[in-house]
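Close look at the chain arrangement
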2 protein chains.
Amino acid sequence: MLTCEAMAETQEQLIEGLKAFLRIPSVSTAPKHTADVRRCAEHVREMLVAAGLQNAQLIEAEGQHPLVYAEWLGAGEGKPTLLFYGHYDVQPADGEWVTPAFEPSVRDGNIYARGAADDKGQVFLQIKAVERLMERDGKLPVNVRFLIEGEEEVGGEHIEAFVASGDARLKADAAVVCDTEMFAPGLPTLCVGLRGIVYGEILVKSGDTDLHSGMYGGAAPNAIMAACEIVTALKDRDGRILIPGFADSVIPPSAAERAAWDRLPFNEAEYLEKEVKSTALTGEPGYDVFERTWARPTLEVHGIRGGFTGEGAKTVIPCEALVKVSMRLVAGQTVEVATRQLAEAVKAVCPKAVQAEFRPFHGAEPSLVRTDNVFIEKSAQAMQEVFGKETVYIRSGGSIPIVGLFERHLGIPSVMMGFGLPDDNLHAPNEKFHLANLFGGIDAMVRYLELLGS
Amino acid sequence: MLTCEAMAETQEQLIEGLKAFLRIPSVSTAPKHTADVRRCAEHVREMLVAAGLQNAQLIEAEGQHPLVYAEWLGAGEGKPTLLFYGHYDVQPADGEWVTPAFEPSVRDGNIYARGAADDKGQVFLQIKAVERLMERDGKLPVNVRFLIEGEEEVGGEHIEAFVASGDARLKADAAVVCDTEMFAPGLPTLCVGLRGIVYGEILVKSGDTDLHSGMYGGAAPNAIMAACEIVTALKDRDGRILIPGFADSVIPPSAAERAAWDRLPFNEAEYLEKEVKSTALTGEPGYDVFERTWARPTLEVHGIRGGFTGEGAKTVIPCEALVKVSMRLVAGQTVEVATRQLAEAVKAVCPKAVQAEFRPFHGAEPSLVRTDNVFIEKSAQAMQEVFGKETVYIRSGGSIPIVGLFERHLGIPSVMMGFGLPDDNLHAPNEKFHLANLFGGIDAMVRYLELLGS
């Protein structure tokens, strides 16, 4: 087995290669960075070519950031085909950074830059694993395809349309998605469940005009007050969601999965202090933190627009309010049913003199990956060999829509090998990627392909 | 008795005079209009000089808009002294206007311009009434002082400091405040009660950092959700305020006052459709609209700041929320007690894992004017003679802090003779002042001074 740890020169070269990738400010949400995003797509294509892949190309769509595709199908039909997925676009770099977000800097065994962990570092290790094998053997033990997108952070629809198109370039037996994290440093981790999401707005209207609270206060309805009444009628103080039927279809985790979670290294006091940074945890009675964040649905309010929110005082009775809300969904729930349930519940709890309506923006189905297949088993084995610890199976409370799309349109499972760490500051200042995970990730991916091809 | 109606030439001159006053964009909230506000103060001073008043002057304070003062004390000690109050500053002119806000235009018996009714038209009629008497008699039947401020719309503290100073220029027997409205067109109205106000923010904090709703949703507290829980715990769906002890000290209107309200021309369906512009009225069970808006205290939410309120979707669990709230207070309540009651109630209903605190910005005491004195009685008589209908006594749900300040610091009652109309669009586009009320207001004020001096 190759080990990056043993090859100091190669480590330096890898860091330089990743830095070049990280220097490109491929912020997909910012129109001013459109040219940078394209430059980054070209950079990915060149890395894929350099790794020995064939048919490397940009897949274009009007007004959207390009997909990058490449393949190597020389292992033949007797061998499985893996579809590597990742994204080359990054979040904006707001906030205070110790070193500039697009000038990568190595400190204390980490590389700091926007996109370091999310997701350039993980795309980079996929490509470098393939390159390593091609350099050593002149071939790969399995067939591979790469599909690297540039709109993950912006929720773009380019990849959804392409995945749904039935294009022959998507034919594969499993996807390898590197966009998650290890449960703890040095602990090899497979993510086997994702929550889905329904995001939208509750529009509340109490009249045609804002009113003066002196003249009309006491007799006129108030849209923000009504919005507060609606959301508190949808979820009680204990975190129980009151949308009728909402959680009835939830499939609870198996006893085995629950037992595995109990073995995870987890300190609730530390989680509260270092991650949640609050004075107490909340949530549904009768469920622990893992179940609350991985296996139970949520209803969250993200913001309320309406009324007066500037500095100082204005005595307006607002006639409209928009409440940004989302529901996270778990196995057994669907976007369609949950959307309908929330829409009906909003109508049902709407106060007198007020009209309220839920308007969905977008949704993603929840995913639960079966673990009794060779793609998951060999992945767990490969990571265990490289990192020297038993691979743990976790879920994520977040949503990765591509996993549901691969399942629905291609009928393939996703192997979510994650090499980020919980404190990598994704979407925040000082994002980092742990270099040991870069090197170990390459080794684990090399080993995974070897095991699958044997 | 002089009647403006009989003097067509004078009416034209009056309109031109008012137009010149209205053309000055004396927007006190906008720093760019600071010079205009001062120019307007000078204009008021010149009008007071032209009316024959003496000792006309600007009263200055560092960084604040000037007060305008003038006096005529020639009636001697045997006659009462009236303190005329009004304000020359205006609201900003946002929104869509039929004709520009600072280019006054006469249509259908109204003059349209920002400040037409609030409050330049009413200041103008006070000055012109005095001018008319001085021109006719060379003297006034009573002593008068004018105190016209330039910070009413901005809640400035200049006048409060001056009124509290004990300055000899404030010595008077009653104040005449023209900044309210008639209950209905042609119906002479004295406002004898004002609600007070406490305005502030409830600051809600659920942690040190915003969190991702995928990773932490279900286990972490949400500041906006907590804010909704707090406000719905302070006021129920029927409009009952749940702050302990809050309404215990409220002095209900007398049977006579309530009976007088029952005689007011009021159509609840029309009020709902044309003023409130909603589908239903709300409010405390057991009270009618007058009592709800004039004689009962309120708790209103004006806005919530926190979380994500832009276009589109962001899955943040907000760690902070600021809720803009106010309480309107009625006779029997005080700013100090209500502030303390709300602060304690916020603490008491604050959910687990969250810190919440009420921070008051400013307050104004409620006012209830005794009607059994000569200043009120003669005012009612003067308006009844001019407008040909019995003067009605109403209250206002709004707050005019100066009335409480005159009461507290000068020990004098305020006679609130209002000549605005309910549809004058104060603080809104297309503000207007009814010309019949301008002319009738001058006549009524002339008659009032005659009656008081006789």
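Since this is a predicted model, take the numbers as computed values, not measurements.

Each helix and strand in chain A was counted, giving 13 helices and 18 strands. At 24 Å, chain A has a C-alpha radius of gyration in line with the 22 Å of a compact globule built from 454 residues. With respect to the three principal axes, the spread of C-alpha positions in chain A is 80 × 50 × 45 Å. In chain A, buried positions account for 54% of the 454 residues.

The peptide bond linking A:D118 to A:D119 adopts the cis configuration, its omega dihedral lying at 15 degrees. Within the secondary structure, A:D119 is located in helix α3 (residues 116-137).

Within a regular strand, side chains alternate between the sheet's two faces. Residues and elements named next belong to chain B. As defined by bridge partners, strand β1 (residues 54-61) adjoins strand β2 (residues 64-72) across five bridges and the pair is classed as antiparallel. Of the residues in β2, the one forming a bridge with Q54 is E71. The loop that links β1 with its antiparallel partner β2 comprises two residues; one of these, G63, has a positive phi angle of about 75 degrees.

All right, on to the packing of helix α6 (residues 223-234) of chain A against helix α6 (residues 223-234) of chain B then. Two numbers describe how α6(A) lies on α6(B): the axes approach to 9 Å, and their chain directions differ by 105 degrees. The angle between α6(A) and α6(B) places the two elements in the roughly perpendicular class. Of the residues in α6(B), those touching α6(A) at A:M225, A:C228, A:E229, A:V231 and A:T232 are B:M225, B:C228, B:E229, B:V231 and B:T232. The residue inventory of the contact of α6(A) with α6(B), partitioned by class, reads six nonpolar, two polar and two charged.

Residues and elements named next belong to chain A. Segmentation of chain A into domains returns domain 1 (4-194 + 366-453) and domain 2 (196-250 + 297-364). The gap between the C-alpha centroids of domain 1 and domain 2 is 37 Å. Between domain 1 and domain 2, the contact holds eight residues from the first and nine residues from the second. Classifying every residue of the side of domain 1 that touches domain 2 by side-chain character gives three nonpolar, five polar and no charged.

A word on the relation of the copies chain A and chain B. Overlay of chain A on chain B (RMSD 0.1 Å): rotation 180 degrees, translation along the axis 0.1 Å. One copy is carried onto the other by what is essentially a two-fold rotation axis. By C-alpha distance to the rotation axis, the residue of chain A lying nearest is A:C228, at 2.3 Å. Most of the interface of chain A is mirrored in chain B, where 100% of its interface residues again form contacts.

Each side of the interface is counted separately: chain A has 65 residues, and chain B has 66 residues. Going through the elements one at a time, β10 (211-212), α5 (213-216), α6, α9 (289-295), β11 (298-305), β12 (316-317), β13 (320-329) and β14 (355-364) of chain A are the ones with two or more residues in the side of chain A that touches chain B. The greatest single-element share of the side of chain A that touches chain B, amounting to seven residues, is contributed by β11(A). Here the residues of the side of chain A that touches chain B are counted per class, giving 25 nonpolar, 27 polar and 13 charged.

Here we come to the sheet that holds strand β5 (residues 110-112) of chain B. Residues and elements named next belong to chain B. Strand order in the open sheet made by the three strands is β4-β5-β18, with antiparallel pairing throughout. Strand pairing shows two members of the sheet lacking a second neighbour, β4 (105-107) and β18 (432-434), which therefore form its edges. On average, each strand axis in the sheet is inclined to that of its neighbour by 25 degrees, with strand direction left out of account. Bridging between β5 and β18 involves three bridges; their strand directions are antiparallel. Bridging from a neighbouring strand, Y112 pairs with K432 of β18. In the packing of helix α3 (residues 116-137) onto the sheet, contacts are made with β5 and β18, and the angle to β18 comes to roughly 50 degrees.

A few words on the sheet that holds strand β13 (residues 320-329) of chain B. Strands in a sheet are paired, the pairing made by backbone hydrogen bonds, and the direction either parallel or antiparallel. Residue and element names in this part refer to chain B. The strand order across the open sheet formed by four strands is β11-β13-β9-β14, and the pairing between neighbours is antiparallel. Lying at the two open borders of the sheet, with one neighbouring strand each, are β11 (298-305) and β14 (355-364). Between one strand axis and the next, the sheet turns by 20 degrees as a mean value, whatever way the strands run. The pairing of β11 with β13 spans seven bridges and is antiparallel. Of the residues in β13, the one forming a bridge with G303 is K324. Sheet strands in contact with α6 are β9 (196-205), β11, β13 and β14, and its direction is about 145 degrees off that of β9.

This next bit is on the packing of α3(B) against helix α13 (residues 435-453) of chain B. Residues and elements named next belong to chain B. It is the contact of α3 with α13, at a shortest axis distance of 8 Å, that shows an interaxial angle of 50 degrees. Judged by the inter-axis angle, α3 sits oblique to α13. In the crossing of α3 with α13, the sense of the turn from one axis to the other is right-handed. Residue-level contacts link G121, L125, Q126, K128, A129, R132 and L133 of α3 to L438, G441, I442, M445, V446 and L449 of α13.

Attention now moves to the confidence of the model for chain A. Any region with low pLDDT has predicted coordinates that should not be read closely. Here chain A averages 94 in pLDDT, and 98% of its residues register 70 or above. Across the predicted assembly, pTM comes out at 0.88 and ipTM at 0.88.

A few words on the environment of B:I402. Residues and elements named next belong to chain B. Residue placement: I402 occurs in helix α12 (residues 401-410). Judged by the 24 C-beta atoms lying within 10 Å of it, I402 is buried. Sequence-distant contacts of I402, defined by excluding residues within four places in its chain, comprise Y85, I159 and V177.

On to the environment of B:I24. Residue and element names in this part refer to chain B. Looking at where I24 falls in the secondary structure, it is placed in the loop between α1 (8-22) and α2 (34-50). The spatial distance from the C-alpha of I24 to the C-alpha of E103 is 9.1 Å, given a sequence separation of 79 residues. Beyond its immediate sequence surroundings of up to four residues, I24 is in contact with D36, R39, C40 and H43.

Moving on, we come to the environment of A:D94. Among the secondary structure elements, A:D94 is positioned in the loop between β3 (81-87) and β4 (105-107). On the basis of neighbour count, A:D94 is assigned to the exposed category, with 11 C-beta atoms found within 10 Å.

Thresholds, definitions, all that
- Residues numbered from 1 in each chain as written.
- Chains lettered and ligands numbered in written order.
- Predicted model: local features only at pLDDT ≥ 70, side-chain atom pairs only at ≥ 80, totals over all residues.
- Helix = DSSP H or I, 4+ residues; strand = E, 2+ residues; numbered from the N terminus.
- Rg over C-alpha atoms; globule rule 2.2 N^0.38 Å.
- Buried ≥ 20, exposed ≤ 12 C-beta atoms within 10 Å, placed from the backbone.
- Pairing = 2+ DSSP bridges.
- Axes fitted to C-alpha atoms, helices over the stretch in contact; angles between N-to-C directions.
- Parallel < 35°, antiparallel > 145°, perpendicular 65-115°, else oblique.
- Contact = placed C-beta atoms within 7 Å.
- Nonpolar A, V, L, I, M, F, W, Y, C, P; charged D, E, K, R; others polar.
- Domains from an automatic or database assignment.
- Least-squares fit on C-alpha atoms with pLDDT ≥ 70 in both.
- Left-handed = near helix turned anticlockwise from the far one by under 90°.
- pLDDT = per-residue confidence, 0-100.

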